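Geometric and topological summary
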There are 2 protein chains.
Amino acid sequence: MRRFVIVGHRASTTGDFKLDDVCGGAGRLDVLLRCVNSSFFLSHSLRRDVEAFLVMKGGEDPPKTLRFVGDGLRYLNPDERSTASLVRNALLRKVGDEEVGSSPGIFISRMDLGDVLEKLAEVSEIIYLKEDGEDVRDVTFDGDLTFVLGDDRDLDEDEEAILKKYSARSVRLGPLSYHSDHCITIVHNELDRRQ
Amino acid sequence: MRRFVIVGHRASTTGDFKLDDVCGGAGRLDVLLRCVNSSFFLSHSLRRDVEAFLVMKGGEDPPKTLRFVGDGLRYLNPDERSTASLVRNALLRKVGDEEVGSSPGIFISRMDLGDVLEKLAEVSEIIYLKEDGEDVRDVTFDGDLTFVLGDDRDLDEDEEAILKKYSARSVRLGPLSYHSDHCITIVHNELDRRQ
């Protein structure tokens, strides 16, 4: 199982944004939407052995986390607008202490980054995608993996402190700094080659 | 200089589609929009040494080719909707025998795949991204490169015949079959590592 945790620093946590304005009005939700695409899509199929977590910290009702589960996903299309619609539907759900299902394979909860990693650290190694880390091609991976990355902003000090708590290894993907969704594509390609 | 040529088999060649419906109404234009994103975007910058060609074969007025030139690009944002708007503006231009500028760094012409490759073969090697090609990590590249790929459909026999004319080498990116925009991201990463 591969897992990706993407931190949306300003991403809307209410469903009152317009689908025509996912960049500005929804706090750069567009970045997270592209991360969902690159987490799951193969040519003419979906990666069923993947989970993606969008940790949304912006808007009026933070924190919220959307969990996408490849094994159960339906109605996911590769374009940004239709994924934004799925995200909006989830954000319109009433969420209490328990995670709530929104549509097949999509769940929403009140988890923040610390809660998400606390759960995932029990079942997988935590990897921090960071420009000054070890080159991914030189890293030996073992077992289940969780990759953590920011949206259009790097993780802040508090978020990095959470990663440190779980002894996250820092891994870099190349000599340049890439968009988050491109990072996920490169990670997948590297791991595909090892299987 | 890196160049990407993406063949949009059903992509609209008129500007009368809705920005809310770039998948269906515009002939899977969404695939091409994501290819523009992955061709040019780095974290907080654009790749200036890249050209992307969208060869559009669908709709009512084919063929048309949109050329995006990294060195002159302005007003390009990473989201699909705003890029769709730039594409639509270009398609609304009247195009005769000569290429026409639409917005900074974006040009439109009547070229088809054969015309595009005839030009590019003079200045670069042509590479065909195909699942049964040689592994990209084992390939030695020299000089300027042009990578050719389909949208959500593979190249057809006629298109492959054009590639053959220019002795295109077939190159694969991994053990799985990826979306076109993901292919471009993987190519960039491989070439970034060699520079």
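All figures in this text were calculated on a predicted structure; none of them were measured in a lab. (Residues numbered from 1 in each chain as written. Chains lettered and ligands numbered in written order. Predicted model: local features only at pLDDT ≥ 70, side-chain atom pairs only at ≥ 80, totals over all residues. Heavy atoms only, no water.)

What about the side chain of A:Lys64?
Residue and element names in this part refer to chain A. Heads up, the condition is: Secondary structure elements follow DSSP: runs of H or I no shorter than four residues count as helices, runs of E no shorter than two count as strands, and numbering proceeds from the N terminus. Accessibility here uses a 1.4 Å probe with only protein chains present; expressed as a share of the type maximum, an area under 20% marks a residue as buried, one over 50% as exposed, and anything in between as partly exposed. We call two N or O atoms a polar contact when they sit within 3.5 Å, provided that within protein one can donate a hydrogen and the other can accept it, with sequence-adjacent residues counted only if both atoms are side-chain atoms. Two residues form a contact once any of their heavy atoms are found within 4.5 Å.
Within the secondary structure, Lys 64 is located in strand β5 (residues 64-69). Using a relative accessible area of 3% as the deciding quantity, one classes Lys 64 as buried. A polar side-chain atom of Lys 64 sits 2.9 Å from the main-chain carbonyl oxygen of Thr 13. A polar atom in the side chain of Lys 64 sits 3.2 Å from the side chain of Asp 61. Other than its neighbours up to four places away in sequence, Lys 64 contacts Thr 13, Leu 54, Val 55, Met 56, Leu 91, Ile 108, Ser 109, Arg 110 and Met 111.

Points about the relation of the copies chain B and chain A
Rules: Fitting of the copies onto one another was done by least squares over C-alpha atoms, counting residues only where both copies have pLDDT of at least 70.
Under the fitted operation, chain B is carried onto chain A by 0.0 Å of movement along the axis and a turn of 180°, and the coordinates agree to an RMSD of 0.0 Å. Both copies of the chain, as the preceding transformation shows, are related through a two-fold rotation axis. In terms of C-alpha distance to the rotation axis, chain B has B:Ile186 as its closest residue, with the C-alpha 3.0 Å off the axis. When the interface residues of chain B are mapped onto chain A, 100% of them again fall at the interface, so both copies present the same face.

Observations concerning the sheet that holds strand β7 (residues 106-109) of chain B
Residue and element names in this part refer to chain B. In plain terms, the rule: Note on pairing: DSSP must find at least two bridges between two strands before they are called paired. Here, axes are lines fitted to C-alpha atoms. For helices the fit covers the stretch in contact, and angles between N-to-C directions go from 0 to 180 degrees.
As summarised here, the arrangement of the eight strands in space is β6-β7-β5-β4-β1-β9-β8-β10, forming an open sheet in which the pairing is mixed. The open sheet has two free edges, formed respectively by β6 (100-103) and β10 (169-172), since each of these has just one partner strand. Between one strand and the next, the sheet's axes are offset by a mean angle of 30°, whatever the strand orientation. Pairing of strand β4 (residues 50-56) with strand β5 (residues 64-69) involves six bridges; the strand directions are antiparallel. Bridged to Leu 54 within β5 is Leu 66.

Digging into the environment of B:Val123
Residues and elements named next belong to chain B. By secondary structure assignment, the location of Val 123 is in the loop between α3 (113-121) and β8 (125-135). A relative accessible area of 46% places Val 123 in the partly exposed class. Spatially, the C-alpha atoms of Val 123 and Leu 173 are 24 Å apart, while their sequence positions differ by 50 residues. When residues no more than four places from it in sequence are discounted, the contact partners of Val 123 are Arg 3 and Asp 144.

Notes on the pattern of salt bridges
The condition that has to hold: What makes a salt bridge here is a side-chain nitrogen of Lys or Arg within 4 Å of a carboxyl oxygen of Asp or Glu, nothing more.
Inspection of every chain in the model, using the stated rule, returns 44 salt bridges over all chains. In this structure, A:Glu51 engages A:Arg67 in a salt bridge whose closest nitrogen and oxygen atoms are separated by 3.0 Å. Placement of A:Glu51 in strand β4 (residues 50-56) and of A:Arg67 in strand β5 is noted, with a sequence separation of 16 residues between them. Exposure class is identical for A:Glu51 and A:Arg67. Each is buried. Here B:Arg169 makes a salt bridge to B:Glu125, at a shortest N to O gap of 2.8 Å.

Description of the interface of chain B and chain A
This is how the line gets drawn: Buried area counts how much accessible surface, traced with a 1.4 Å probe, disappears from two parts once they are put together, with both parts' losses summed.
Taken together, the contact pairs 34 residues of chain B with 34 residues of chain A. Across the chain B to chain A interface the summed buried area is about 3100 Å²; carbon plus sulfur atoms make up 50%. When residues of chain B are sorted by the area they lose upon contact with chain A, B:Arg137, B:His182 and B:Arg193 head the list and together hold 20% of the total. Counting across the chain B and chain A interface gives six salt bridges. The closest approach of N and O atoms between A:Arg137 and B:Glu190, which form a salt bridge, is 2.6 Å. There are 25 residue pairs in polar contact (both at pLDDT 80 or more) connecting chain B and chain A. Elements with a contribution of two residues or more to the side of chain B that touches chain A: α1 (29-40), β2 (41-42), α2 (80-91) and α5 (180-194) of chain B.

What about the pairing of strand β6 (residues 100-103) of chain A?
Both faces of the sheet carry side chains from a regular strand, because those side chains alternate between them. All names here are of chain A. Here β6 runs beside strand β7 (residues 106-109); their pairing, made up of three bridges, is antiparallel. Note that in β7 the partner of Val 100 across the bridge is Ile 108. Taken together, β6 and the strand that follows it, β7, pair antiparallel across an intervening segment of two residues, in which Gly 105 is found at a positive phi of about 90°.

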